[in-house]
Amino acid sequence: MLLQMKLSKILLILFLLCGAMGANAGVTFKFNAHSEAGRYKYTMECNLSALLTEINRAGQAGVPLNLSGLSSAQMEPGAKENLSNLWNNMAYFTCNKTTVISLCLNDVQGYQVRNIPVTLKFHEAAPGESNHKELVVSFNRRGTITGVRFAWDLQEDVSSMMGKSLVNGVADAAERRELLKWVEDFRSYYNEKNITALENIYSDDALIITGSVQKRVKKGPDGQNVVIKSTVVHRQQSKEEYIKKLRHQFRNRIDVKFDHISVMSHSSKPKIYGVLLHQSWTNGGYHDEGWLFLVWDFTNPDQPQIHVRTWQADEAVAEEGYFTLDDFFFP
């Protein structure tokens with residue numbers, strides 16, 4: 001009975017503290033009635049309310065984030081750094097709601113909150129860039145914020161991936177959310193220019209293959225160039241070569257988007273996944289689109305690693321088809 005009274009007092013203090021945060025800051029986050037949140041529900045609500053408050057303060061003023069007011073128990077230092085990098089390298093943003101209500105979803109490592117609407121003010125907008133996006137926020141099992149990123153742009157892809165009872169052998173919904181979270185983080189690492197995270201996520205012996213289409217052309221009767229032969233050429237890089245190239249590219253603004261996702265699991269190695277993505281890449285004045293295939297190893301769920309990265313131009317895929325797990329051998 002005494003323990004129950006103490007727990008009730010703790011919950012009441014958290015509730016009042018969270019209410020005070022929302023009242024003073026202008027943004028209050030709440031889970032809806034169908035959320036899967038556990039005993040740290042109020043902690044997560046308060047932590048996210050405080051973060052959205054600071055996002056709105058800084059976004060409306062057009063100044064850098066000041067996350068020093070959030071303790072490491074509220075938001076992990078690495079998550080603060082990554083969000084600040086995204087903020088400084090890509091865009092300021094604001095949440096245009098005083099109250100945000102959303103689901104709390106379980107994943108393998110903790111919890112996710114999706115569908116937080118934000119409006120962006122780009123430092124350097126790409127042509128056709130939408131300034132309306134959604135945030136995804138991850139928490140550990142103690143309610144600490146562990147990551148903030150932009151959600152997958154096409155909701156129908158997410159609905160398709162999450163709505164099926166079995167997705168190419170990936171049967172568990174929490175496992176699929178974890179995969180989606182890492183893919184969203186992976187994209188965000190490029191937009192943040194987070195070279196350290198990218199060095200960590202690629203294995204030391206990662207196989208990195210890029211494909212290109214080389215064309216032979218001649219003048220047609222009307223004076224226009226006519227393609228007489230197309231050849232698909234592949235180039236292999238080491239992780240060291242790839243990271244060195246990225247460091248050079250990160251001197252300019254990076255904008256990476258994915259508009260398709262397909263996930264498959266290995267037939268005999270349950271922690272190995274193939275992820276096929278259609279990628280739009282903008283780096284300074286350069287732009288390309290093509291198909292990205294990643295072989296992801298989740299043997300260590302705290303730090304999954306990419307063993308294979310291939311990129312093929314749309315035209316290369318038309319010539320030779322997509323890479324799949326069957327194209328690679330895993331001992």
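Details of the structure are given in the entry above.
Note that the structure is predicted; figures quoted are calculated from it, not measured.

Visitor: Is there a simple way to think about the packing of aromatic side chains in this case?
Guide: Two measures describe an aromatic ring pair: the distance that separates the ring centres and the angle between the ring planes. This structure, assessed with the given rule, holds 15 aromatic pairs. Considering the side-chain rings of F186 and Y190, the 5.3 Å spacing of their centres and the 85° angle between planes classify their relative orientation as edge-to-face. One end of the pair, F186, and the other, Y190, are both in helix α5 (residues 173-192), four residues apart, so they sit about a helical turn from each other. When its relative accessible area of 0% is taken as the criterion, F186 is described as buried. The buried category is assigned to Y190, whose relative accessible area is 1%. Between W296 and F298, the aromatic rings sit 6.1 Å apart at their centres with planes inclined by 40°, giving tilted as the arrangement. Residue F298 is classed as buried on the basis of its relative accessible area of 8%. Members of the aromatic cluster, each reached through a chain of ring pairs, are F186, Y190, Y202, Y242, F258, Y273, W281, W296 and F298. Between the NZ or CZ atom of K41 and the centre of the ring of Y42, over which it lies, the distance is 5.8 Å.

Visitor: Explain the nonpolar core to me, please; I cannot follow it from the model alone.
Guide: Soluble, globular proteins show a tendency: their nonpolar side chains are buried together. Judged by nonpolar contacts, the single largest core of 37 residues is most densely connected at L48, L51, M75, F93 and I116. Counting only elements with at least two residues in this core, the list comes to β1 (28-31), α2 (41-61), α3 (77-89), β2 (91-94), β5 (111-122), β6 (132-139) and β7 (145-150). For this core, the element with the highest residue contribution is α2, accounting for seven residues. Setting aside chain neighbours within four positions, we find L48 in contact with F29, V113, I116, V137, F139 and I145. Counting 36 residues, the second-largest nonpolar core is a separate cluster that includes L198, V263, L292 and W296.

Visitor: Which parts of the structure should I look at to understand unusual backbone geometry?
Guide: Glycine aside, the phi torsion of most residues is negative, and most peptide linkages are trans. At N115, a residue that is not glycine, the phi angle is positive and equals roughly 65°. Turning to its location among the elements, N115 is positioned in strand β5. Despite not being glycine, K193 shows a phi value in the positive range, around 60°. Mapped onto the elements of the fold, K193 is located in the loop between α5 and α6 (195-201). A relative accessible area of 24% places K193 in the partly exposed class.

Visitor: I keep staring at the layout of surface pockets and nothing clicks. Help me out?
Guide: Its volume calculated, the largest pocket comes out at about 630 Å³. E76, T146, W182, D185 and Y189 are, among the 30 residues lining the largest pocket, the residues nearest its centre. Those elements that provide at least two residues to the lining of the largest pocket are α3, β6, β7, α5 and α6. The element best represented in the lining of the largest pocket is α5, accounting for seven residues. When its residues are assigned to classes, the lining of the largest pocket shows eight nonpolar, 14 polar and eight charged.

Rules used throughout
Sequence order sets the numbering: in each chain, residues are counted from 1 along the sequence as written. Local features in a predicted model are, by the rule used here, given only for residues with pLDDT of at least 70; side-chain atom pairs are given and counted only at 80 or more, and totals for whole chains, interfaces and linings are based on all residues. No hydrogens and no water enter the side-chain calculation; it runs on all heavy atoms of the structure. Aromatic pairs are defined between Phe, Tyr and Trp rings, using the six-membered ring for Trp, whenever the two ring centres lie within 6.5 Å; interplanar angles under 30 degrees are classed as stacked, those over 60 as edge-to-face, and all others as tilted. Strands here are runs of E lasting at least two residues and helices are runs of H or I lasting at least four, both read from the DSSP assignment and numbered beginning at the N terminus. Burial status follows relative accessibility: with a 1.4 Å probe on protein chains alone, a residue under 20% of its type maximum counts as buried, one over 50% as exposed, and anything between as partly exposed. We call a charge positioned above a ring when the Lys NZ or Arg CZ atom is no farther than 6 Å from the ring centre and deviates by at most 35 degrees from the ring normal. Here the nonpolar core consists of buried residues drawn from Ala, Val, Leu, Ile, Met, Phe, Trp, Tyr and Cys, with membership extended through side-chain atoms lying within 4.5 Å. The contact definition used throughout considers only heavy atoms, calling two residues in contact when any of these lie within 4.5 Å. With a 1 Å grid laid over protein atoms only, a set of points is called a cavity when a 1.4 Å probe fits there but cannot get out and a pocket when it is open yet has protein on both sides within 12 Å along at least five of seven lines; lining residues have an atom within 4 Å of a point. Grid points are joined across faces, edges and corners, and a volume is the space filled by probe spheres set on the points. Following the grouping adopted for this structure description, the nonpolar residues are Ala, Val, Leu, Ile, Met, Phe, Trp, Tyr, Cys and Pro, the charged ones are Asp, Glu, Lys and Arg, and the polar ones are all others, Gly among them.

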